[in-house]
Each structure stands twice: as C-alpha cells, then as structure tokens.
Amino acid sequence: MSTGDALSIRPKNPTPAPLDAVAERFGLSVDPAGPSPLGLSATGVTLDSRDIRAGDLYIGMPGARRHGGEFAAQAEAAGAVAMLTDSRGAELARAAGSRIPILVSAEHPREIMGEVAAAVYGTADFPAKTFGITGTNGKTSVVYVLAELLRAAGLVAGLSSTAERRIGDEVIVSNLTSPESSELHGLLARMVEQGVEGVALEVSAQAVVRHRLDGVHFDVVAFNNFSQDHLDEFGDLETYFQAKLALFTPEHAERGVVVVDTPYGQRIARESQIPVTRLATEYGQDADWHLAVTAQTLDGVSFVLQGPEGAHFRGSVPLFGRFMAENAALALIMLHEAGIPISQVEQGLTRGRIPVYIPGRLEEMSDPAAGGPRFFVDYGHTPGAFTAMLDALGEVAPGRVIFMFGADGDRDTTKREEMGRIAAEGSDVVIICDYHPRSEPPEAIRAQLLAGARSAEHAEVIEEGDQRAAVRLAVSLAEPDDVILYAGPGHEDHQEIAGQVLPYSARDEVRGALREAGLLQ
C-alpha cells in the first residue's frame, strides 16, 4: 500500500483527446484573438492553475473573488495546451498575455466541465460498477463497507471518501467529500487503468448542486439518513433535502436503495425518478428488505438481513452501533441491485464478518487488553450523528459515557445548541472544547454548545477550550469501565484558527494521552 498527497489523481498513460472535436461536441467557440486548437489534443483537465500538467485543458472558472481567466498565462507556462472559459475569462486571459487557444462557453463553464472531463479522460462509458451514497451521516462508513464487500466478491475496488481516495491498495489523501468533476474523472480514468471493477463514491449535497458528478452515471445510488447540516449553504432543510433527492434521477443513476425508517427516507422512495428498493430497520415498516440486529458490544454488531426471493445474509461488523449494521446492510443490497449476488460476497468472508477499517470513524485508540477505559475518535459533527452514536453507546457501554466535542466556526450556527443538548442527554460527562473556530471567537462557539448542554440538566458539563488539555482531562476522569468518545475531528490532521491551518491530530493526541497515563504501550 502506498500513500501520498495530490491535488488530483490522473491516468498514467492518458489517451489524447483532439480539442477541435471537444469544441464541436460541446458547442464551444474559439476566441478569434488567439490561435486555433486544430491539431492540438488534451490529456487532462483541471480548474486549479496549481495543478496544471503538460497537455492539460485548463478550465478558467469565475470565482467568488477572482476569475480563473486571470491565471491563464500561469497555466500556459505550466504546460496547459488550451483554456476553456466564458467570455469574461477570455478577455482576462488575453490581458494577462496568454497565447494558447481559448475555447469559449456560452454557459457557465462549471455546467459542462464534467462532461468535458469525461470526454477528455474517456470515462463517459465507464466499465466498472459504480455506487454512490448520500445522506447526512454515515456516507464514509458505507463507502468503506462497499469497498470491503467488493473485495470479498473477488473484485478490484476503488473508493472516494472524505478521508481518502483508494485505487486497489493505493491510498491518496483527499480534501473534499466529493472532488470537482475534473478531478473525479481523472481519478476514474486512473482506476480503469489499474483494473478497478467496482467504485464506491461519497456523494454530498454540494456535489449534486455544484455539478461535481456531471459525466458520471451510477449503477446504484443509496440514501441512508437525513438531519440538520449545511444550513449555512442551503438556507433551510427542504432545500438541503432536495439536493439529496436530485441524485435519484435518470441523469445520475440507474437504480436506488433507500432506508425508509424515517419520513425523509419514505419521501425519497416516493419521489425518486428511478426504481428504488427499500430497506427497513424498524419493526413493522413496509419494505423490500428487513434488518434485525442480533447482538452488539463495544467490539461490534451482529445482524441478519432478509430480502425478496429468499435473499439472506447473517454477519457482523467490528464497529459498535445499530447504524453500522444498517450501513453494512445498505452496502450489501447495493451490490445485490448491481447484479453481484450476496452468495458471491459471502464466499470471501469468514463466517459473515466484514473486516472493515474506517479511518477516524468510531476508531478505537485504546487497547482493550490494557483494562482501562475505552477511547474512541469519530468524525461525527451533526445532531443526527451525536444521537446515533450516543444511543449506540447507551446500549453497550459498561460504565459511564464521557463525551467530548466542539463545533465548526463559520458554519451552520443553528445546530450548536441542539448538539449540546443531545450530547448532555446521552452521556454522563460532557467536555466541550474547540474544533475549527476559523474566524469566530472560540469562546462564543463554546457558549452556544454549553447553553444547549446545560439545558438538558442531565450530564456533568465541563468547558475546556484547549482540546489537548480536554483529552487529558477526559482520561483523568475515566474509570476502567467508562467509555470516552471524542467527536468531530476524526481522521483530520489540522485545526483552523483565525485564518491559520495548524497541525492537530486527535488520534495522535489521544494515543499520547493514553501513553502518559500508562494505558497504552
């Protein structure tokens, strides 16, 4: 397994795409003030002038502060063979002294970028099975379970998640839940090169409305849950929900799988424009598939999944929580809907155990054999995620639950008090610390969380802004049977404070605190 950071992942041996054919296909005009693209070919696409490689078609996009056309000369110097932009971008490119051909779109470049990237990279007819998962919480977990099940079925798997991109055993750290369409098609082309047969992608609401999925057609998409998040971007829950629902259209996918335990899931199933299969985890709910949890501990959850025509799976996941059983069931049904039999998956598993590891998701930092408190780190930072995790811990924690968390600055402020209330209602001790305050005063963010936590009148509530000190406080308060859950940072390796990105790994910090306390080797 190799690891590394990259702005984008590209095929190693791309097939050149003639630019005059691209211009004709997408109705692009050629800026008469510059040279013709006739005879030129592109081998890549990017909208980031820092990520230009020789042979690229550079997308000059209008932005909030600057227009990408301003960077045309920089892109040319880095090896771009042409630029695709709007009329304003063409003017800026010439003013900047660019001498490469400029393809001009009458519409916003973002609206055609995905299709253009698919044409350049040759991914419009993608040969691998492609799976997409949307929902507020749990997308990353479903993607990793999907990849593990694909491997169990004997297929080479690829994935794109908030945490990383994977191509077989190759790992590349990622920066967005859903990459820009130009990056996504480069990634897919690399996967084709390396023989990937099944791809699992996280799909955020932003990806749908910002055209990041354009040019991709999923074999199966799925919806798991919905709760408050991203209202700073979408304004209200209905607009946010509609962005999720938009994935369930023939433009994006062939078939869908929907968890119908909630009114939102039932709406997706009713309003979907593609055929959907329904999964229920609640007793008595009408559905095609039914999930029953048979056993659970801090070390995992066992379940039985039953479907139409005798379809059946009995297995387990080595992570606690009913929601993890739901994630696994959803992934199994998605493969089934794509024509990969559950029996084929079972052949690659030992007694139905799905050996999945998910970076920063209910990831245990402690050593159960050491006899001390159990300490988990998770990426959850929404009211829905808090509810699911704390409900799960309430069923399996042998002692007290110590829950520590913070909240994003410059993001949805309306969820903060609710997060605090849910945290205090579901735990015995709450420690409120900083997360990513960004440009907001950290103490103001903590004050909202504290107000919500104290309103529950249940847990002991402690404020400790310094997250490093908060970790050590949690360890010092914990008894051997207690469980500590640090929610928010998950796999992340930084903290954003007042315009600065500072190194910070919750996982490393927790391991260090446990070692200091003699609880970890």
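Just so it is clear, the structure is predicted and the values come from calculations on it, not from any experiment.

Conventions adopted
Residues numbered from 1 in each chain as written. Predicted model: local features only at pLDDT ≥ 70, side-chain atom pairs only at ≥ 80, totals over all residues. Heavy atoms only, no water. Salt bridge = Lys/Arg side-chain N within 4 Å of Asp/Glu carboxyl O. Buried < 20%, exposed > 50% of the residue type's maximum accessible area, 1.4 Å probe, protein only. Axes fitted to C-alpha atoms, helices over the stretch in contact; angles between N-to-C directions. Helix = DSSP H or I, 4+ residues; strand = E, 2+ residues; numbered from the N terminus. Parallel < 35°, antiparallel > 145°, perpendicular 65-115°, else oblique. Left-handed = near helix turned anticlockwise from the far one by under 90°. Contact = heavy atoms within 4.5 Å. Nonpolar A, V, L, I, M, F, W, Y, C, P; charged D, E, K, R; others polar. Core = buried A, V, L, I, M, F, W, Y, C linked by side-chain atoms within 4.5 Å. Pairing = 2+ DSSP bridges.

A. View of the pattern of salt bridges. Inspection of the entire model under this criterion finds 35 salt bridges. D51 is the salt-bridge partner of R53, the closest N and O atoms lying 3.7 Å from each other. Its relative accessible area of 8% is what places D51 among the buried residues. Put simply, R10, D51, R53 and D56 are held in one network by salt bridges that share partners.

B. Region of interest: the packing of helix α14 (residues 416–425) against helix α15 (residues 442–455). The interhelical angle for the contact between α14 and α15, taken along N-to-C directions, is 45°, at an axis separation of 6 Å. Considering the angle they form, α14 stands oblique to α15. Helix-helix and strand crossings are classified by hand; for α14 and α15 the assignment is right-handed. Taken together, the residues of α15 that come into contact with α14 (itself represented by R416, E417, M419, G420, R421 and A424) are I445, Q448, L449, A451, G452, A453 and S455. Looking at side-chain class alone, the contact of α14 with α15 contains six nonpolar, four polar and three charged residues.

C. How the structure looks around the nonpolar core. Of all hydrophobic cores here, the largest spans 80 residues; its most connected members are I354 and F405. The element that contributes the greatest number of residues to this core is helix α11 (residues 322–337), accounting for ten residues. Ranked by size, the runner-up nonpolar core spans 37 residues in total, among them I9, L188, F226 and F241.

D. Spatial organisation of the sheet that holds strand β22 (residues 429–432). Read across the sheet, six strands follow the order β19-β20-β24-β21-β22-β23 without closing on themselves; strand pairing throughout is mixed. Because the sheet does not close on itself, it has two edges, and the strands there are β19 (363–364) and β23 (460–463). Across two bridges, β19 lies against strand β20 (residues 374–378) in antiparallel orientation. Following the sheet pairing, E363 is matched in β20 by V377.

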